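Coordinates in review
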Amino acid sequence: KKLQAETSDTKRLDLCYKLLEGKALSTMQVASIAMLFDSEYQRLEYVKFGYYFVNDKEHYKQLRDLFTYDSILQEFDKLVR
């Protein structure tokens, strides 16, 4: 709810960094939160950050569907190799 209440993606990303540090997440939890970001760039930044906290990295490639821009897709692909 705190994340949804934020008025900008920048504030939302900053809050994600604070709230998620040291927590264990699933890929689906990361996907749910990532969808709160309007900007694909900010979404990618969050997904890159969240990667270090997921306990099911083998499913992380599914998050590729969250992106449409080629440059962002390339960055995502580097992450999940």
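The structure this text deals with has already been given above.
What to know about the overall build of the protein chain
The helix and strand inventory of the protein chain stands at five helices and zero strands. In the protein chain, the succession of α and β elements from N to C terminus is α-α-α-α-α. Compactness check: the protein chain gives a C-alpha radius of gyration of 12 Å against a globular reference of 12 Å for 81 residues, within 12% of the reference. In terms of overall dimensions, the protein chain has C-alpha extents of about 30 × 25 × 15 Å along its principal axes. In the protein chain, the proportion of contacts linking residues at least 24 apart, taken out of those at least 6 apart, comes to 59%. Per element, the accessible surface of the protein chain, about 5,200 Å² overall, is 50% carbon and sulfur. Across the protein chain, the mean location of the 13 positive side-chain charges is 4 Å away from that of the 13 negative side-chain charges.

Structural notes on the nonpolar core
V30, Y46, V47, Y60, L63, F67 and F76 are the most contacted members of the largest nonpolar core, which totals 27 residues. Elements with a minimum of two residues in this core: α2 (9–20), α3 (27–34), α4 (40–50) and α5 (70–80). Per-element accounting of this core gives the leading share, five residues, to α5.

Quick word on the environment of E75
Looking at the secondary structure, you find E75 in helix α5. In this structure E75 comes out as partly exposed when scored by relative accessible area, which is 31%. Sequence separation between E75 and E45 is 30 residues, and the spatial gap between their C-alpha atoms is 9.9 Å. If sequence neighbours within four positions are ignored, E75 has contacts with L44 and K48.

Calculation criteria
Residues numbered from 1 in each chain as written. Predicted model: local features only at pLDDT ≥ 70, side-chain atom pairs only at ≥ 80, totals over all residues. Heavy atoms only, no water. Helix = DSSP H or I, 4+ residues; strand = E, 2+ residues; numbered from the N terminus. Rg over C-alpha atoms; globule rule 2.2 N^0.38 Å. Contact = heavy atoms within 4.5 Å. Areas by Shrake-Rupley, 256 points an atom, 1.4 Å probe, with all protein chains shown as cover. Lys, Arg positive; Asp, Glu negative; His and termini not counted. Charge placed at Lys NZ, Arg CZ, Asp CG, Glu CD. Core = buried A, V, L, I, M, F, W, Y, C linked by side-chain atoms within 4.5 Å. Buried < 20%, exposed > 50% of the residue type's maximum accessible area, 1.4 Å probe, protein only.

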